[in-house]
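The residues making up each chain are set out below.
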Amino acid sequence: MSTKTLDLSRHTQMLENLESILAHRRTHPTTASDELYYELIIKYHRRIREAMDKKQFIAAHTILVPTEILYAMDLVPLHLEFTSGTMAVVLRHYEEALNAGRELGLTPEICSTHRIMAGSFSKGWIPLPNVIVWSNQACDNTAKTAEILMEMYNIPGFFMERPYGYSEKGVKYLTDELYDTVAWLEEQSKHKLDMSRLKESLKLSFEMVTLHREINELRKASPFPLPNRRCFQLMVIGWYYQGSQEAVNYFRLVRDEAKAMVAAKKGFVPNNRFRLLSISQVPYHNWKIMDWMEREHGACMVFSVDNDHWRDWQLDLSNPMENLARRIFLSPDGSQLYSPLNEGMVPDAVHDAAAYKVDGAIFWAHAGCRQGCATIRSIKDALQEKVGVPLLALNMDFMDPTFVSEEEMKSQFEAFFERLAERK
């Protein structure tokens, strides 16, 4: 199985469409951070294309592989899930990408994110990286998909194994894995890791996390100071840019905007009717549903458990690689998506529901996420029993808009909002 030729016309079209979106934002301004978000997404993907032209070393990677290392080694990152996913969203070619994945033998039971990623590689739509670094974070789909991509593009890869639970033994194991990852990348790229640059990248990473924590405190305000999209835009920028100045700049701008709104006692939308806790990921193909929720129903997603809930990671540069290992374990998605349920998602969801005084919780029940959907009952029962918060398990698919229509999702929401209104 191999991809015969690259066809980067779609990647080019994605960039042109993103430029058009940014131009529209500039002529119809909303917030400065919304404009900066699109600037950074464009910058990220333009850098990949420039790296191909200049023969620079491109390191593709799956979700949760730490970008601090890549930036410290002066490698060009290519986030596999979000590169293929963003292309599908911007170009609306879901059906063609999913069909390409089906032709590879990937069934509908497999996460649509990975089917689209594999299908996009099979068509040659993704820029050619030099290597792939992948891991078992955050699911079995991630652990296996990279093997297909490596075979199709005939490029080498390195598997970074992360232990399941957070412990001192686990930290030592992951630290060793990070050293092995760096050694392999040095051999492949001929770029040596400068430990002083890694320390600087960790400082920037910690500054981003500190700003994220400040944003989280501002989220407790009523009326709610941010749009629903912002939580997930923070996630994307963090996954693209953690360990860089770009991430710090974006998080600082969001913090400043939220701070100004709280000081003025203003909400992003006039009618703050429901405060909601978000669990799992919203459908990437339809972020507009978040706009509809806040605009039509005053439903504000004030916190996302697996995007915002940082554990107590503190900066310690005495052993940078070990500190990075701890950062991975203690990050929101790294701690909730890859740890025992009774030590991660369940107690965190209960804590966050109480801390942010939510009226209800939304579990985005992505059909292709076996491990995520298996947690719904435990989280639902804990929220109801411990803090009296009802949960809606919203049937949806992260990347396949044909699985559940927008009208069906809205119908599920409206029934839930009626239930919440009766409780007030």
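For clarity, every value in this text was computed on a predicted model and none was experimentally measured. (Residues numbered from 1 in each chain as written. Predicted model: local features only at pLDDT ≥ 70, side-chain atom pairs only at ≥ 80, totals over all residues. Heavy atoms only, no water.)

**Side note on the overall build of the protein**
Then comes step 1: For the protein, the count of helices and strands is 19 helices and 8 strands.
Then comes step 2: Computed over the C-alpha atoms, the radius of gyration of the protein is 21 Å, within 12% of the 22 Å expected from 2.2 N^0.38 for a compact globule of 424 residues.
Then comes step 3: The dimensions of the protein, computed from C-alpha atoms along their principal axes, are 60 × 50 × 45 Å.
Then comes step 4: Considering the protein as a whole, with its 424 residues, one finds that 59% of them fall into the buried category.
Then comes step 5: Taking all contacts inside the protein whose residues are at least 6 apart in sequence as the whole, residues at least 24 apart take part in 78%.
Then comes step 6: Summed over all atoms, the accessible surface of the protein reaches about 17100 Å², with 50% contributed by carbon and sulfur.
Then comes step 7: For the protein, the distance from the average position of its 49 positive side-chain charges to the average position of its 56 negative side-chain charges is 3 Å. (Helix = DSSP H or I, 4+ residues; strand = E, 2+ residues; numbered from the N terminus. Rg over C-alpha atoms; globule rule 2.2 N^0.38 Å. Buried < 20%, exposed > 50% of the residue type's maximum accessible area, 1.4 Å probe, protein only. Contact = heavy atoms within 4.5 Å. Areas by Shrake-Rupley, 256 points an atom, 1.4 Å probe, with all protein chains shown as cover. Lys, Arg positive; Asp, Glu negative; His and termini not counted. Charge placed at Lys NZ, Arg CZ, Asp CG, Glu CD.)

**Quick word on the pattern of salt bridges**
Close approach of charged atoms allows side chains with opposite charge to pair.
Then comes step 1: This structure, assessed with the given rule, holds 24 salt bridges.
Then comes step 2: Residue arginine 370 is joined to aspartate 140 by a salt bridge in which the shortest nitrogen-to-oxygen separation is 2.9 Å. Of this pair, arginine 370 sits in helix 17 (residues 370-373) while aspartate 140 sits in helix 7 (residues 140-153), placing them 230 residues apart in sequence.
Then comes step 3: Note on arginine 370: relative accessible area 44%, which makes it partly exposed.
Then comes step 4: Within the structure, one salt-bridge network assembled from shared partners comprises Arg25, Asp34 and Arg230. (Salt bridge = Lys/Arg side-chain N within 4 Å of Asp/Glu carboxyl O.)

**Quick look at the sheet that holds strand 3 (residues 131-135)**
Then comes step 1: If you trace the 4 strands from one edge of the open sheet to the other, you get 2-1-3-4, paired in parallel fashion. The open sheet has two edge strands with one neighbour each: strand 2 (76-79) and strand 4 (157-160). Neighbour-to-neighbour, the strand axes of this sheet turn through a mean angle of 25°, independent of strand direction.
Then comes step 2: Here 3 bridges tie strand 1 (residues 58-61) to strand 3, and the two strands are oriented parallel to one another. (Pairing = 2+ DSSP bridges. Axes fitted to C-alpha atoms, helices over the stretch in contact; angles between N-to-C directions.)

**Topic: helix 8 (residues 168-189)**
Then comes step 1: In this model, helix 8 (22 residues) spans 31 Å end to end at C-alpha, consistent with the 32 Å of a helix rising 1.5 Å per residue.
Then comes step 2: Taken together, the buried positions of helix 8 are Gly170, Val171, Leu174, Thr175, Glu177, Leu178, Thr181, Val182, Trp184, Leu185, Glu186 and Ser189.
Then comes step 3: Looking at the buried residues of helix 8, the elements they touch are helix 3 (67-72), strand 3, strand 4 and helix 14 (320-330). (Expected span 1.5 Å × (residues − 1).)

**Details of the side chain of serine 84**
Then comes step 1: Take serine 84: it is sitting in helix 4 (residues 80-91).
Then comes step 2: With relative accessibility at 0%, the residue serine 84 sits in the buried group.
Then comes step 3: Setting aside residues up to four positions removed in sequence, serine 84 forms contacts with Ile116, Met117, Ser120 and Ile126.

**What about the nonpolar core?**
Then comes step 1: One finds Leu276, Ile279, Trp364, Leu383 and Phe413 to be the most contacted residues of the largest nonpolar core, which totals 145 residues.
Then comes step 2: Setting aside its immediate chain neighbours within four residues, tryptophan 364 contacts Ser278, Ile279, Ser280, Gln281, Val282, Pro283, Ile289, Met293, Met301, Leu394, Met396 and Phe413. (Core = buried A, V, L, I, M, F, W, Y, C linked by side-chain atoms within 4.5 Å.)

**Notes on the sheet that holds strand 7 (residues 360-366)**
Then comes step 1: Sheet architecture is open: 4 strands sit in the order 6-5-7-8, paired in parallel fashion. Of all strands in the sheet, those with a lone pairing partner are strand 6 (299-304) and strand 8 (391-396), marking the two edges. Averaged over all neighbouring strand pairs, the angle between strand axes comes to 35°, with direction disregarded.
Then comes step 2: On top of the sheet, helix 12 (residues 288-297) reaches strand 5 (274-279), strand 6 and strand 7; it is set at about 130° to strand 6, its chief contact.

**Description of helix 18 (residues 376-387)**
For the α-helix, the turn length of 3.6 residues means that residues three or four positions removed from each other point alike.
Then comes step 1: Between its terminal C-alpha atoms helix 18 stretches 16 Å, which fits the 16 Å expected from 12 residues at 1.5 Å a residue.
Then comes step 2: By the burial criterion, the buried members of helix 18 are Ile376, Ile379, Ala382 and Leu383. Along the long axis of helix 18, the arc covered by the buried residues comes to 140°, so they all point the same way. Seen from the open side of helix 18, the exposed residues pointing more than 90 degrees away from its buried face are Arg377 and Glu385.
Then comes step 3: Buried-residue contacts for helix 18 involve strand 5, helix 16 (345-355), strand 7, helix 17 and strand 8.
Then comes step 4: Count one or two residues on from helix 18 and you reach glycine 388, which has phi positive near 65°. (Arc of directions from axis to C-beta.)

**Here's the deal with the packing of aromatic side chains**
Then comes step 1: Applying the stated rule across the entire model yields 22 aromatic pairs.
Then comes step 2: Ring geometry for phenylalanine 274 versus phenylalanine 417: centroids 5.4 Å apart, planes at 15°, classification stacked. Highlighted residues: phenylalanine 274 in strand 5 and phenylalanine 417 in helix 19 (residues 406-423), separated in sequence by 143 residues.
Then comes step 3: Seen from their ring centres, tyrosine 284 and phenylalanine 398 are 5.9 Å apart, and the 15° between their planes marks the pair as stacked. (Phe/Tyr/Trp six-rings, centres within 6.5 Å; stacked < 30°, edge-to-face > 60°.)

**A short note on the pairing of strand 3**
One face of the sheet, then the other: side chains in a regular strand alternate in exactly this way.
Then comes step 1: In terms of burial, strand 3 is largely enclosed, as 5 of its 5 residues are buried.
Then comes step 2: Side chains of strand 3 alternate between two faces, with Val131, Val133 and Ser135 and Ile132 and Trp134 buried alike.
Then comes step 3: Pairing of strand 3 with strand 4, which is carried by 4 bridges, proceeds in the parallel orientation. Its bridge partner lying in strand 4, serine 135 is registered against methionine 160.

**Structural notes on unusual backbone geometry**
Then comes step 1: In this structure, the amide linkage connecting glutamine 137 to the following residue, alanine 138, adopts the cis form with an omega of 5°.
Then comes step 2: On the secondary structure map, alanine 138 appears in the loop between strand 3 and helix 7.
Then comes step 3: The omega angle of the peptide bond from serine 222 to proline 223 is 5°, so this bond is cis rather than trans.
Then comes step 4: Inspection of the secondary structure assignment puts proline 223 in the loop between helix 9 (195-218) and helix 10 (228-241).
Then comes step 5: You will see that lysine 55, though not glycine, has its phi angle at about 60°, which is positive.
Then comes step 6: Within the secondary structure, lysine 55 sits in the loop between helix 2 (32-53) and strand 1.

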